[in-house]
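So you can see what is in the structure, the chains are spelled out below.
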Amino acid sequence: MTAIDIERLRITYGDNTVISDLSLRIEDGEFFTLLGPSGCGKTTLLRTIAGFITPASGSISFGGKNVTDFPTHKRNIGMVFQDYALFPDKTVNTNVAYGLKARGVNRADIPGRVAEALERVGMGGFGDRLPSAISGGQRQRVALARALVIRPSVLLMDEPLSNLDAKLRLQIRESISDLQREVGITTVFVTHDQEEALAMSDRIALFRSGNIEQLGSPTEIYRHPRTSYAADFIGTANVIPVELSGAPEANSAEEITVRLGDHALRGQRRAELSGSTAFAIARPEHLSLVALDGAGSTGAASGSSAARQQGTLIPGEVVRRQYLGRVQQHTVQLAGGVIVETSEPANAVGFAQGSKVNVLFPVAETLVLAS
Ligand SMILES: Nc1ncnc2c1ncn2[C@@H]1O[C@H](COP(=O)(O)OP(=O)(O)OP(=O)(O)O)[C@@H](O)[C@H]1O
């Protein structure tokens, strides 16, 4: 059982405090992702969990045991880095065997364990090659085998997919997910790629300047972002400045009407709102276009009266339409100048550039958050 407990952690580089006061529990067997933009402190936190950085204060425990003062090699961790970090002049077998030798594993057991680890990542038969004679994706599989062969309590991964091209990234991403589930190892994964985080994680900690902005499952964060930062970072979101002045008229505990230029916009209140401004947040796939005569891309919602029951119609003009195979996207400039993106099934009615349309904002999917 290797849950990771982080308590009151403070990490500094000289006078620069990167993480000021972080407490967090990562459950045994969990795939936990540290997500955030460059410079927010993800790698610093991962390296502190690994023991490469000593925190200024606070503690880290693995399975209830305080490891804060343990050097890296006493923490029983496996690590995978962005740049593979394989020994270039040693064969795949020797690379994978390295950790076993360092730990003094019985020499006779090493070849079997190496072969098993390589088999597990789909690299059986490549043991005699040098890293330069295999592809980038294969190198990262070898790095994974090398991390797991020592049977670590915790697997730490720092942007392991960043150096791979798009197709390979998908493949290796799936291999890592499958393997992690199979082995059931507590995993901390660093990425700045929100799609990767959504696809792979049990839970995500979204970072903003050294603090956790939101912590939750992919579905929770995607469906219920608590701030405009979270909505914008995870998935794509239209973040629209709105006014509360005059209103806000609270239609019910959750529903609220705000002002977007001359128009009233209904949405879900998702935070205490104060002051005169807020943000309305709507995902492109939740918006749809309705022709001024009522026909449109909304399917069941076609017809402006039915549409109005479900949400608010805001007039605008199509400035771009893009057909992307599975979906089509419209960029619409709303009255007042705000630009929104919509994403509809490719077979929905499309609107040419210059078309005057109504954009339907469904009440249930339009979130009003503090600015
Ligand atoms: N060795 C160091 N000495 C001083 N400052 C550092 C050091 N390493 C990182 N920093 C600073 O600490 C902050 C956090 O860096 P960190 O590498 O943890 O960010 P990150 O979220 O992992 O970003 P990236 O995705 O670019 O790696 C940054 O402001 C960075 O400049």
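In this convention, every chain numbers its residues from 1, walking through the sequence in written order. Confidence filtering applies because this is a predicted model: local features only for residues at pLDDT of at least 70, side-chain atom pairs given and counted only at 80 or more, and all residues used for totals across whole chains, interfaces and linings.

### Overview of the packing of helix 2 (residues 92–102) against helix 4 (residues 136–148)
Consideration 1: Every angle, taken between N-to-C directions, lies between 0 and 180 degrees, and every axis is a line fitted to C-alpha atoms, over only the stretch in contact when it is a helix. The helix and strand labels rest on DSSP assignments: H or I over at least four residues marks a helix, E over at least two residues marks a strand, and numbering proceeds from the N terminus. Orientation of helix 2 relative to helix 4, taken along the N-to-C sense of each, is 30°, at an axis distance of 7 Å. Taken together, the axes of helix 2 and helix 4 lie roughly parallel to each other. Regarding helix 2 and helix 4, the two cross each other, and that crossing is right-handed. Contact residues: Val-92, Asn-95, Val-96, Tyr-98 and Gly-99 in helix 2; Val-142, Ala-145 and Arg-146 in helix 4.
Consideration 2: Looking at the contact of helix 2 with helix 4 residue by residue, the classes come out as 5 nonpolar, 2 polar and 1 charged. Relative orientations are named as follows: roughly parallel for angles under 35 degrees, roughly antiparallel for angles over 145 degrees, roughly perpendicular for angles from 65 to 115 degrees, and oblique for any other angle. By convention, the crossing between two helices is left-handed when the near helix turns anticlockwise from the far helix through less than a right angle, and right-handed when the turn is clockwise. Remark: residues whose backbone-derived C-beta atoms lie within 7 Å of one another are considered to be in contact. Polar here means any residue other than Ala, Val, Leu, Ile, Met, Phe, Trp, Tyr, Cys and Pro, which are nonpolar, and Asp, Glu, Lys and Arg, which are charged; Gly is therefore polar.

### Things to note about the domain arrangement of the protein chain
Consideration 1: When cut into domains, the protein chain gives domain 1 (4–224) and domain 2 (236–370).
Consideration 2: Note that domain bounds follow an automatic or database assignment of domains. Centre-to-centre, using C-alpha coordinates, domain 1 lies 40 Å away from domain 2.

### Some points on the pairing of strand 2 (residues 16–26)
Consideration 1: Here the rule is simple: two strands pair whenever DSSP picks up at least two bridges between them. With 7 bridges connecting them, strand 1 (residues 4–13) and strand 2 associate as antiparallel partners. Counterpart to Ile-4 in the pairing with strand 2 is Ile-26.
Consideration 2: Adjacent in sequence and paired antiparallel, strand 1 and strand 2 are bridged by 2 residues, among which Gly-14 carries a positive phi angle near 60°.

### Some points on the sheet that holds strand 3 (residues 31–35)
Consideration 1: Here 6 strands make up an open sheet; going across it, the order is 6-7-8-3-9-10 and the pairing mixed. The open sheet has two edge strands, strand 6 (77–80) and strand 10 (211–216), and neither has a second partner. The average angle at which neighbouring strand axes cross in this sheet is 15°, direction not considered.
Consideration 2: Relative to strand 8 (residues 186–191), strand 7 (residues 154–158) runs parallel, the two being bridged by 5 bridges. Bridge pairing in strand 8 links Leu-156 to Val-188.
Consideration 3: Lying on the sheet, helix 4 is in contact with strand 6 and strand 7; it crosses strand 6 at an angle near 170°.

### Some points on the sheet that holds strand 1
Consideration 1: Pairing within the open sheet is antiparallel, and its 4 strands lie in the order 2-1-4-5. Two strands lie at the open edges of the sheet, namely strand 2 and strand 5 (65–66), each paired on one side alone.
Consideration 2: Here strand 4 (residues 57–62) runs beside strand 5; their pairing, made up of 2 bridges, is antiparallel. In the strand pairing of strand 5, Ser-61 is matched with Asn-66.

### With respect to the UniProt feature "domain: ABC transporter" (unreviewed entry) in the protein chain
Consideration 1: UniProt positions are given in the numbering used here, feature names are shortened, and annotations may be inferred rather than shown by experiment. UniProt records the feature "domain: ABC transporter" (unreviewed entry) for residues 4–234 in the present numbering.
Consideration 2: Secondary structure content for residues 4–234 is 35% helix and 26% strand, while the C-alpha to C-alpha distance between its ends is 25 Å.

### Here's the deal with helix 4
Consideration 1: A helix is expected to span 1.5 Å multiplied by its residue count minus one. Its 13 residues place the ends of helix 4 19 Å apart at the C-alpha level, agreeing with the 18 Å of an ideal helix rising 1.5 Å per residue.
Consideration 2: Note on burial: count the other C-beta atoms lying within 10 Å of the residue's C-beta; 20 or more is buried, 12 or fewer is exposed, in between is partly exposed, and C-beta positions come from the backbone. With 11 of 13 residues buried, helix 4 is to be regarded as a mostly interior element.
Consideration 3: Those residues of helix 4 that sit buried are Gln-138, Arg-139, Gln-140, Arg-141, Val-142, Ala-143, Leu-144, Ala-145, Arg-146, Ala-147 and Leu-148.

### A closer look at the packing of helix 2 against helix 3 (residues 110–120)
Consideration 1: Relative orientation of the contacting elements helix 2 and helix 3 amounts to 120°, with a least axis distance of 9 Å. Considered as vectors, helix 2 and helix 3 are oriented oblique to each other. Helix 2 and helix 3 meet at a crossing whose hand is right-handed. Facing Val-92, Asn-93, Val-96, Ala-97, Leu-100 and Lys-101 of helix 2, the residues of helix 3 in contact are Ile-110, Arg-113, Val-114, Ala-117 and Leu-118.
Consideration 2: In the contact of helix 2 with helix 3, the residues fall into 8 nonpolar, 1 polar and 2 charged.

### Here's the deal with the site of the ligand
Consideration 1: Using the backbone to place each C-beta atom, any residue with that atom within 6 Å of a molecule or strand is considered near it. In the vicinity of the ligand, the contacting residues are Tyr-13, Asn-16, Val-18, Gly-36, Ser-38, Gly-39, Cys-40, Gly-41, Lys-42, Thr-43, Thr-44 and His-192.
Consideration 2: Contributing elements (two or more residues each) for the shell around the ligand: strand 2 and helix 1 (42–50).
Consideration 3: Residue contributions to the shell around the ligand peak at 3 residues, all from helix 1.
Consideration 4: Taken together, the residues of the shell around the ligand sort by class into 3 nonpolar, 8 polar and 1 charged.

### Description of the nonpolar core
Consideration 1: Here a nonpolar core is just a set of buried residues of the types Ala, Val, Leu, Ile, Met, Phe, Trp, Tyr and Cys, joined wherever their C-beta atoms sit within 7 Å. Counting residues in hydrophobic clusters, the biggest one holds 88 residues, and the most contacted among them are Val-96, Ala-145, Leu-156, Leu-206, Ala-280 and Val-359.
Consideration 2: Top contributing element to this core by residue count: helix 4, with 6 residues.
Consideration 3: Residues lining this core come from more than one domain, with at least three contributed by each of domain 1 (4–224) and domain 2 (236–370).
Consideration 4: For Ala-145, the residues in contact, after removing those within four places along its chain, are Val-96, Ala-117, Leu-118, Arg-120, Val-121 and Met-123.

### Structural notes on helix 5 (residues 166–183)
Consideration 1: Here helix 5 contains 18 residues, and its C-alpha end-to-end distance of 26 Å stays within 8% of the 26 Å for a straight helix at 1.5 Å per residue.
Consideration 2: Within the span of helix 5, buried status applies to Ile-172, Ile-176 and Gln-180. End-on, the buried residues of helix 5 take up no more than an arc of 70°, which puts them together on one face. Pointing more than 90 degrees away from the buried face of helix 5 are the exposed residues Lys-167, Glu-174, Asp-178 and Glu-182.
Consideration 3: Phi turns positive, to about 70°, at Gly-184, one or two residues after helix 5. The arc refers to the directions leading from the helix axis to the C-beta atoms.

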